[in-house]
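Examination of the molecular architecture
So the chains spell out like this:
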Amino acid sequence: MIDTLYQWFWWDRIWLPVNLTWADLEDREGRVYARASHLYVTVPYAIVFLLIRYLFERLIATPVAASVGIREKVRLRVENPILELCYISHSRNPTQADIDGLSKKSGWSVRQVERWFRRRRNQDRPGVLKKFREASWRLFFYLFAFIGGIAALHDKEWFYDTRKVWTGFPQQSMLESQYWYYILELSFYGSLIFSVTVDVKRKDFKEQIIHHVATLVLLSFSWCANYIRIGTLVMLVHDASDILLESAKLFNYAKWERTCNTLFVVFTVVFMVTRLVIFPFWLIHCTWVYPLEHYAAFFAYYFFNAMLVILLFLHIFWAYLILRMVKKFLFGNLTGDVRSENEEEDEDGSISTEEEERHHRTGNGVGRATKEGTNGCSGRLSMSENICQSKTVY
């Protein structure tokens, strides 16, 4: 049974054009082709990426954050065993009926129970330092990958003429630069899958899971089907705007408002040009039209193009969110984030964390200042904090 499924999965007609078999892609005469077995190395490399990330965040990102005044916020635990048990085992957002029952069981008023849950949820939300570390790591990788991609592609003819992408396909020998470009990108996204449970979780968490899985599937499929030339172009196009996004987030966390705003405007322009113009009208056109000049359509052709179209829909989804934020930014109504989980406020308007409430009682007005601080640069960029968090698929 397993052998039958294996043979069906690797059937020539699924992966290769008519009249070609896997025997035609055997290494010979100096030609080297991608192999599915090469992908196994991405698992240990992904673990290495996690180790490098850990060291980078502690030894580089944390000192940089401290230099711009970003430090871990100390949040005191809000103790109540009855409510804590409900929070952990039942729901972080109890219904009104649950709150009424908990009020009777704990001896607290309904308002006290509601306030406790607000503060408890805030305790579990990531601080600015954690976000700064993550954005720093992603910026480091995207910048490294983009520079590496330019170095690998600047002297290739298909970088300037996309028709040349399909010259001799699929019997195109793999270059060493292409090998490492792919392996490092795959390993990076594999590390994101491993760390997804501990990374900052936002409202578009499901879209990000789709993003990571689709990225790995698309990269792996293009590797096995020898769609490597077009794959490197797609990766390069996506890395371009991600560098700007992660840079803008770092300046946002550091409260450099003018720099943050400028970078976000540049990011928006680059995102729209690369993801909604170059990607569909150059790259998808390249994969949809030009291959048919060389061979008849087959399964891999349809599957690859379908995945790119799904990717385009994700681009449109995130572009919609960006444009919504730009509209609010231009008309001066941007005071919150439709995607990120901001800290909840008590009825008196102060942020409901235990430490800030304690400071508020001592008269330093931190609650009021924190609320005012949610406007400005943090409001402008926070909605885009996780847009293309890992490079919008690919």
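Summarised in this report is the structure supplied together with it. Quantities reported herein were computed from a predicted structural model and do not represent experimental measurements. (Residues numbered from 1 in each chain as written. Predicted model: local features only at pLDDT ≥ 70, side-chain atom pairs only at ≥ 80, totals over all residues. Heavy atoms only, no water.)

1. Here's the deal with the packing of helix α8 (residues 176-195) against helix α10 (residues 228-253)
Put simply, α8 and α10 touch, their axes get as near as 11 Å, and they point 55° apart. Taken together, the axes of α8 and α10 are oblique relative to one another. Crossing of α8 over α10 shows left-handed handedness. Contacts from Q178, Y181, Y182 and E185 in α8 reach I228, R229, G231, T232, M235, L236 and D239 in α10. Residue composition of the contact of α8 with α10, grouped by class: five nonpolar, three polar and three charged. (Axes fitted to C-alpha atoms, helices over the stretch in contact; angles between N-to-C directions. Helix = DSSP H or I, 4+ residues; strand = E, 2+ residues; numbered from the N terminus. Parallel < 35°, antiparallel > 145°, perpendicular 65-115°, else oblique. Left-handed = near helix turned anticlockwise from the far one by under 90°. Contact = heavy atoms within 4.5 Å. Nonpolar A, V, L, I, M, F, W, Y, C, P; charged D, E, K, R; others polar.)

2. Digging into the environment of Y33
Mapped onto the elements, Y33 comes out in the loop between α2 (12-15) and α3 (42-67). Residues within four places of Y33 in sequence aside, it is in contact with D24, L25, E26, D27, H38, P170, Q171, Q172, S173, M174 and N226.

3. Thoughts on the environment of P126
In this structure, P126 sits in the loop between α6 (110-124) and α7 (128-153). Between the alpha carbons of P126 and D199 there is a distance of 8.8 Å; along the sequence they are 73 residues apart. In contact with P126, not counting residues within four places along its chain, are K131 and V200.

4. Brief notes about unusual backbone geometry
Residue P170 is reached from F169 by a cis peptide bond, and omega for that bond is 0°. Along the polypeptide, P170 turns up in the loop between α7 and α8. The backbone phi angle of E29 is positive, close to 50°, even though this residue is not glycine. Among the secondary structure elements, E29 is positioned in the loop between α2 and α3. Exposure remark for E29: the relative accessible area of 76% places this residue in the exposed category. Located in the positive-phi region is K255, a residue other than glycine, with phi close to 65°. (Buried < 20%, exposed > 50% of the residue type's maximum accessible area, 1.4 Å probe, protein only.)

5. Examining the nonpolar core
Counting 68 residues, the largest nonpolar core has W166, F188, W223, Y227, I230 and F279 as its most contacted members. At the level of secondary structure, the elements contributing two or more residues to this core comprise α2, α3, α7, α8, α9 (205-224), α10, α11 (257-288) and α12 (299-330). Looking at which element gives the most residues to this core, the answer is α10, with 10 residues. Beyond its immediate stretch of four places on either side in the chain, I230 contacts V165, W166, L283, C286, T287 and F304. (Core = buried A, V, L, I, M, F, W, Y, C linked by side-chain atoms within 4.5 Å.)

6. Some remarks on the pattern of salt bridges
Oppositely charged side chains can pair when the atoms bearing their charge come close. Taken as a whole and assessed by the stated rule, the structure comprises 14 salt bridges. Measuring nitrogen to oxygen at the nearest pair gives 3.2 Å for the salt bridge that ties E246 to R138. One end of the pair, E246, is in helix α10; the other, R138, is in helix α7, with 108 residues separating them in the sequence. In this structure, the salt-bridge partner of K249 is E246, at a minimum N-O distance of 3.2 Å. Separated by three residues within a single helix, K249 and E246 lie in helix α10, roughly one turn from each other. On the basis of relative accessible area, K249 is assigned to the buried category, the value being 0%. The buried category is assigned to E246, whose relative accessible area is 0%. Each of R53, E57, R58, K130, E134, R138, D199, E246 and K249 takes part in salt bridges that share partners, so that together they form one network. (Salt bridge = Lys/Arg side-chain N within 4 Å of Asp/Glu carboxyl O.)

7. Comments concerning the packing of aromatic side chains
Summed over all chains, the structure comprises 37 aromatic pairs. Centroid distance F188 to Y189: 5.4 Å. Interplanar angle 75°. Geometry classified as edge-to-face. As far as burial versus exposure is concerned, F188 and Y189 are alike and both buried. Summarising the aromatic geometry, the rings of Y227 and F304 are spaced 4.6 Å apart at their centres and angled 35° between planes, so their arrangement reads as tilted. One end of the pair, Y227, is in the loop between α9 and α10; the other, F304, is in helix α12, and 77 residues separate them in sequence. Take Y227: its relative accessible area is 3%, and that puts it in the buried class. (Phe/Tyr/Trp six-rings, centres within 6.5 Å; stacked < 30°, edge-to-face > 60°.)

8. Examining helix α5 (residues 96-106)
Restricting attention to buried positions, one finds in α5 the residues I99, L102, S103 and S106. The arc that holds every buried residue of α5, seen down its axis, measures 105°, which confines them to one face. Within α5, the exposed residues directed more than 90 degrees away from the buried face are A97, K104 and K105. (Arc of directions from axis to C-beta.)

9. Considering a nonpolar patch on the surface
A surface patch of nonpolar side chains, about 580 Å² in accessible area, is lined by L51, Y54, L55, L59, I60 and V64. Tracing the chain through its elements places I60 in helix α3. (Patch = residues over 30% accessible without salt bridge, like charges linked within 9 Å, V, L, I, M, F, W, Y side chains within 5 Å. Areas by Shrake-Rupley, 256 points an atom, 1.4 Å probe, with all protein chains shown as cover.)

Function-wise, these values are silent; they only describe arrangement.
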